[in-house]
Structures are given as C-alpha cells and as structure tokens.
Amino acid sequence: MPTDLTVVLADEPGELARLGEVTVGAGVCLRGLAAFTGEGRGFVHALVDDGDSEKAQNALKRAKMKVADAREVIVADVGPGGLPDLMLTLAEANVNVDLAYTALGGSKVVIATDDVLNARNALT
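Computed from a predicted model, the values in this text were never measured in an experiment.

(A) Quick look at the packing of helix 3 (residues 82-92) against helix 4 (residues 116-123). Relative to each other, helix 3 and helix 4 sit at 125 degrees, their axes nearing to 9 Å. When the axes of helix 3 and helix 4 are compared, the pair comes out oblique. Considering the relative orientation of helix 3 and helix 4, their crossing is right-handed. Residue-level contacts link L86, T89 and L90 of helix 3 to A119, A122 and L123 of helix 4. Its residues placed into classes, the contact of helix 3 with helix 4 shows five nonpolar, one polar and no charged.

Next comes the structure, spelled out in structure tokens:
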C-alpha cells in the first residue's frame, strides 16, 4: 500500500524544493504532496509507494529532515460523484478520516484513517 510521510521542515524558501531533490536523488517518486506552514515550520505530507518508504525516510534523515510519521494510506479514485460521494461512503461506514488530500491531478484522493480495513471495504 502507499505510504504518507509527514515531514517537518523549516518554514523558509527552498525547503520544499530540497525535499523534492532529496527524494528524487534517492530514486523515490513523490506521488502526491500537501504542504502547510505554521509556527515557523513547514509540514509536508508526501505520498510514496510502499516499497519506497524506507528509502525515502533514510534519505530525508540523512538530509537532516525530520520524518515525524509514516503511515499506510488509501489512494482512491475520485469517481463521477466527486469527493463528496467518496467521503459520504466512508461516513456511512463509520470511518473517521483524519487526513485527506488530492493527488495525481486531483483524480485521486489520499485518505488516512485508523480504520483502514473498513475504509478499504467501503470503497471497494
């Protein structure tokens, strides 16, 4: 399954580019990305293929970038009903979504939840 890495950066120009350089330099393709700032820091959710998770984490740590979390996520197609239908399906299955962001041009959504099994079942 795909993995979401939570990376904490300095909130300054070039840090997001450096994250990209470090991952690409390690042979890891970023499949999706969500970035936010607050309290002088940058918080990035980077989507990588599961087989690349360890490689990405090691490269980021060598570059002195803090990986705060790594977790399995679901990457689901955004169908004809769009994001509202997808989220309604999860709500009806009593799945609490604690992270969501679009990836791959908005055609897919990355979903993190503590209830991956029920989420996966609801979406299939």
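(B) Representation of helix 3. Inspection of helix 3 places G82, L86 and L90 among the buried residues, and these make up the whole buried set. All buried residues of helix 3 fall inside an arc of 115 degrees around its axis, so they share one side. Exposed residues pointing more than 90 degrees away from the buried face of helix 3 are listed as P84 and E92. Those residues of helix 3 that are buried are in contact with strand 5 (74-77), strand 7 (108-112) and helix 4. The positive-phi residue at the C-terminal boundary of helix 3 is N94, with phi of around 60 degrees.

(C) Focus on the sheet that holds strand 2 (residues 32-38). The four strands are arranged 2-3-1-4 in an open sheet whose pairing can be described as antiparallel. Each edge of the open sheet carries a strand with a single partner, namely strand 2 and strand 4 (66-72). Sheet twist, expressed as the average angle between the axes of neighbouring strands with direction ignored, equals 15 degrees. Together, strand 1 (3-10), strand 2 and strand 3 (41-48) form the strand contacts of helix 1 (residues 15-25), whose direction differs from that of strand 1 by roughly 135 degrees. The strands touched by helix 2 (residues 53-62) within the sheet are strand 1, strand 3 and strand 4, with strand 1 carrying the most contacts at an inclination of about 10 degrees.

(D) Main features of the nonpolar core. If you look at the biggest cluster of nonpolar residues, it comprises 16 residues, and the most contacted ones within it are V7, L19, L60 and M65. Excluding residues within four positions of it along the chain, L19 makes contact with V7, L9, L30, L33, V44, L60 and M65. Among the nonpolar cores identified, the runner-up in size contains nine residues, and A76, L90, V116 and A119 belong to it.

(E) Structural view of the side chain of Q57. Positionally, Q57 belongs in helix 2. A relative accessible area of 18% means that Q57 is categorised as buried. Discounting residues that sit within four places of it in the chain, Q57 has contacts with L5, V67 and A70.

(F) Quick peek at the pairing of strand 3. The buried fraction of strand 3 is high, at six of eight residues. Sheet topology places strand 1 next to strand 3; eight bridges connect them, and they run antiparallel. Within strand 3, the residue paired with V8 across the bridge is F43. Examined bridge by bridge, strand 2 and strand 3 share seven bridges and lie antiparallel to one another.

The rules we used
- Residues numbered from 1 in each chain as written.
- Predicted model: local features only at pLDDT ≥ 70, side-chain atom pairs only at ≥ 80, totals over all residues.
- Heavy atoms only, no water.
- Axes fitted to C-alpha atoms, helices over the stretch in contact; angles between N-to-C directions.
- Helix = DSSP H or I, 4+ residues; strand = E, 2+ residues; numbered from the N terminus.
- Parallel < 35°, antiparallel > 145°, perpendicular 65-115°, else oblique.
- Left-handed = near helix turned anticlockwise from the far one by under 90°.
- Contact = heavy atoms within 4.5 Å.
- Nonpolar A, V, L, I, M, F, W, Y, C, P; charged D, E, K, R; others polar.
- Buried < 20%, exposed > 50% of the residue type's maximum accessible area, 1.4 Å probe, protein only.
- Arc of directions from axis to C-beta.
- Pairing = 2+ DSSP bridges.
- Core = buried A, V, L, I, M, F, W, Y, C linked by side-chain atoms within 4.5 Å.

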